[in-house]
Amino acid sequence: MNAQEGQTETTQVQHPLRVAIIGGGGHVGLPFGLALCDCGHTVTLVDLNEAQLDTIRSGQMPFQEINADQLLPRVLESGRLHCSTSFTALSEQDVIIVTIGTPVDEYLDPSLRAFDQVMEDVFQHCRPGQLLIIRSTVFPGVTQRLGRLVAERDLQIDVSYCPERIAQGRALLELTQLPQLVSGCTPQAAQRAASFFSDFGQEVIELSPVEAELGKLFTNSYRYINFAISNQFYMLAQRYEADFDRIYHAITYKYPRMNGFARAGFAGGPCLLKDTMQLASFNHNLLTLGQTAMAVNEGLPGFIVERLKKNHDLTGLTVGILGMGFKGNCDDPRSSLSYKLRKVLTLECRRVLCTDPFIDSSDFVSLETIQQESDILILGACHDEYRSLQTTKPLIDVFGFTTRQEP
Ligand SMILES: NC(=O)c1ccc[n+]([C@@H]2O[C@H](COP(=O)([O-])OP(=O)(O)OC[C@H]3O[C@@H](n4cnc5c(N)ncnc54)[C@H](O)[C@@H]3O)[C@@H](O)[C@H]2O)c1
Ligand SMILES: CC(=O)N[C@H]1[C@@H](OP(=O)(O)OP(=O)(O)OC[C@H]2O[C@@H](n3ccc(=O)[nH]c3=O)[C@H](O)[C@@H]2O)O[C@H](CO)[C@@H](O)[C@@H]1O
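Since the structure is predicted, the reported quantities are computational estimates derived from the model, not experimental observations.

> Help me understand the site of ligand 1, please; the structure alone is not making it clear to me.
Near ligand 1 lie 25 residues; those nearest to it are H27, D47, T102, Q168 and K274. Here a nitrogen atom of ligand 1 and a side-chain polar atom of Q168 are 2.8 Å apart. A distance of 2.5 Å separates an oxygen atom of ligand 1 from a polar atom in the side chain of K274. Its free accessible area being 830 Å², ligand 1 has 85% of it covered by the protein chains. Looking at the shell around ligand 1, its residues break down into nine nonpolar, 11 polar and five charged. In this structure, the shell around ligand 1 is formed jointly by two domains, domain 1 (18-207) and domain 2 (216-396), each of which donates at least three residues.

Shown next, in the form of structure tokens:
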């Protein structure tokens, strides 16, 4: 199922440890666990999702991750990868890593209950001398608060926050290539976390816990706001019947000061919007740029439909969405704007059809059917399969993906 790209060299760690990853069946925990195991650590993936763990035990990746289809059977064969739904294994570990999801709630505030519950479970099972590494993206202040709780209970474990910064699907390519932000509640915790990641092959940058927490949120908010600039310019160009892609090429060509100018497109997924909202919430709901970015990026599906309505009577038409994942060549539908587009279209059109080569859903149709039965096609995700799509139907491609020359 997975594409294969140049494997990164595996170097063996000098100090093999016993490591548990809570949330180890997920998009962050699993590839990290495989990589740690591959370089010599013994890893227990602790996850509530039994079905996911069964899939992993059988040697199958539960989601797409470049090079993981080859790596998973290899580490299973080594005998150093274990899976468990129980926290009891925690007491046998040297290092406990937390990679559970950290969503925002319906008020756009971080939802801390699940995280606090996991921490309570960790406290019940930990033993003195262990290193706790928080790797989920957390609200600023969470790490120091944990440090205070650990001190109050005299648990004698070292608490650190070391955020994950890989792009989903590319973890095994990026893990040892990206510098690792490292922080600890005490100098000893920071130093132990730094040794753990340098032994793993990463360049380490030390920050205080709140700096590392903010650093992670700044990284994702920056990217999200950056996409909003392009999406706003795209909408503006459309309003004046100007071709955004032609402008994009013209103004970025041999002009280095536009190097960071993003393409227009659906900016979705489980992280960018959520982390921008966490930052806003941390700053007492004041993050003007972030909130404006949310209005722009989340408004793009509605804008597309409004534009279509100007030239077509949608009530009699079938519209097809190509690609439902939250980004190109990705099988993850979480917070994909293609679903928002489907919802808006459903209110306006006779029929909406969806297709995606990576997502198995009973209400999706094949690429062939969608091409035959749709009057209008809209690109929802830049899957390679659509790059050279031949169609006689009008194709709305906000990304400029099907017309651009370079990848
Ligand atoms: N997805 C990414 O590319 C990415 C990148 C960097 C950081 N992050 C951050 O990493 C964290 C995890 O994200 P993800 O995409 O891997 O989420 P995910 O939903 O894919 O994985 C989380 C895993 O935790 C498990 N889990 C939930 N509650 C649990 C509990 N109480 N005990 C044990 N296991 C439990 C779930 O079953 C799931 O397998 C989030 O904070 C996210 O913001 C994600
Ligand atoms: C590359 C990057 O910094 N990604 C961050 C992002 O990864 P994540 O896995 O969310 O992936 P991306 O940042 O690549 O994509 C997020 C969204 O932006 C859209 N998109 C992408 C490129 C583009 O030019 N225009 C556009 O709109 C994608 O279609 C997708 O909907 O959140 C993760 C979770 O915290 C971080 O760890 C990653 O570091």
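> Looking at this structure, how should I read the pattern of salt bridges?
Opposite charge on two side chains lets them pair, provided their charged atoms get close. One pass over the full model with this rule turns up 18 salt bridges. The closest approach of N and O atoms between R57 and D54, which form a salt bridge, is 2.7 Å. Of this pair, R57 and D54 are both found in helix α2 (residues 50-57), three residues apart, which corresponds to roughly one turn of the helix. The salt bridge partner of K340 is E298, with a shortest N-O separation of 2.6 Å. Of this pair, K340 sits in helix α12 (residues 337-348) while E298 sits in helix α11 (residues 288-311), placing them 42 residues apart in sequence. With relative accessibility at 33%, the residue K340 sits in the partly exposed group. Members of the salt-bridge network, linked through shared partners, are E50, D54 and R57.

> Honestly, the layout of surface pockets in this entry has me stumped. Any pointers?
Summary: where empty space remains is shown by rolling a probe the size of a single water molecule over the atoms. Considering only enclosed or pocket space, the second largest pocket measures out at about 500 Å³ in volume. In this structure, the second largest pocket is lined by 23 residues; those nearest its centre are Y234, Q238, L395, I396 and D397. Of all elements in the fold, only α8 (209-239), α9 (244-252), α11 and β12 (395-396) reach the threshold of two or more residues within the lining of the second largest pocket. Looking at the lining of the second largest pocket element by element, the count peaks at five residues for α11. Taken together, the residues that form the lining of the second largest pocket break down as nine nonpolar, seven polar and seven charged.

> Looking at this structure, I do not really get the sheet that holds β12. What am I missing?
The four strands lie next to each other as β10-β9-β11-β12, forming an open sheet whose pairing is parallel. The outermost strands of the open sheet, each flanked by one partner alone, are β10 (351-355) and β12. Sitting on the sheet, α12 touches β9 (318-322), β10 and β11 (376-379), and the angle it makes with β9 is about 175 degrees.

> Help me understand unusual backbone geometry, please; the structure alone is not making it clear to me.
Excluding glycine, a negative phi dihedral is what most residues carry, and trans is how most peptide bonds are arranged. Backbone geometry places D154, a non-glycine residue, at a positive phi of 50 degrees. With respect to the secondary-structure elements, D154 resides in the loop between α5 (142-152) and β6 (158-161). Its identity as a non-glycine residue notwithstanding, H284 has a phi of 55 degrees, on the positive side. Position of H284 among the secondary structure elements: in the loop between α10 (272-282) and α11. Its relative accessible area of 70% is what places H284 among the exposed residues.

> Mind showing me how you'd approach the domain arrangement of the protein chain here?
Often, the extent of an interface is quoted as the loss of accessible area on bringing the components together. As assigned here, the protein chain comprises domain 1 (18-207) and domain 2 (216-396). On the side of domain 2, 19 residues touch domain 1, which itself brings 19 residues to the contact. At the boundary of domain 1 with domain 2, total buried surface from both sides reaches about 1600 Å², with 54% on carbon and sulfur atoms. Its largest share of buried area at the contact with domain 2, domain 1 owes to Q64, T137 and Q168, together 35% of the area lost on that side. For the pair domain 1 and domain 2, the number of links is zero salt bridges. Its residues placed into classes, the side of domain 1 that touches domain 2 shows 11 nonpolar, five polar and three charged.

> Can you help me understand the UniProt feature "domain: UDP-glucose/GDP-mannose dehydrogenase C-terminal" (unreviewed entry) in the protein chain in this one?
Cross-referencing UniProt, the feature "domain: UDP-glucose/GDP-mannose dehydrogenase C-terminal" (unreviewed entry) maps to residues 320-404 in the present numbering. In this annotation, residues 320-404 is assigned 22% helix and 16% strand; the end-to-end C-alpha distance for the span is 21 Å.

> It is not clear to me how α11 should be interpreted in this structure. Could you clarify?
A turn of α-helix holds 3.6 residues, and therefore any two residues three or four places apart point the same way. Here α11 contains 24 residues, and its C-alpha end-to-end distance of 34 Å stays within 8% of the 34 Å for a straight helix at 1.5 Å per residue. Roughly 45 degrees is the biggest bend found in α11, and it falls at L300, with proline P301 one to four residues downstream. Within α11, burial applies to G290, A293, V296, N297, E298, L300, P301, F303, I304, V305, R307 and L308. On its buried face, α11 sits against α8, α10, α12, β11 and β12.

About the thresholds
- Residues numbered from 1 in each chain as written.
- Chains lettered and ligands numbered in written order.
- Predicted model: local features only at pLDDT ≥ 70, side-chain atom pairs only at ≥ 80, totals over all residues.
- Heavy atoms only, no water.
- Near = heavy atom within 4 Å.
- Polar contact = N/O pair within 3.5 Å; in protein donor to acceptor, adjacent residues only side chain to side chain.
- Areas by Shrake-Rupley, 256 points an atom, 1.4 Å probe, with all protein chains shown as cover.
- Nonpolar A, V, L, I, M, F, W, Y, C, P; charged D, E, K, R; others polar.
- Domains from an automatic or database assignment.
- Salt bridge = Lys/Arg side-chain N within 4 Å of Asp/Glu carboxyl O.
- Helix = DSSP H or I, 4+ residues; strand = E, 2+ residues; numbered from the N terminus.
- Buried < 20%, exposed > 50% of the residue type's maximum accessible area, 1.4 Å probe, protein only.
- 1 Å grid on protein atoms, 1.4 Å probe; cavity = no way out; pocket = protein on both sides within 12 Å on 5 of 7 lines; lining within 4 Å.
- Points joined across faces, edges and corners; volume = space filled by probe spheres on them.
- Pairing = 2+ DSSP bridges.
- Contact = heavy atoms within 4.5 Å.
- Axes fitted to C-alpha atoms, helices over the stretch in contact; angles between N-to-C directions.
- Buried area = accessible area lost by both parts, 1.4 Å probe.
- UniProt positions renumbered as here; feature names shortened; annotations may be inferred.
- Expected span 1.5 Å × (residues − 1).
- Bend = angle between axes of the 7 residues up to and from the residue.

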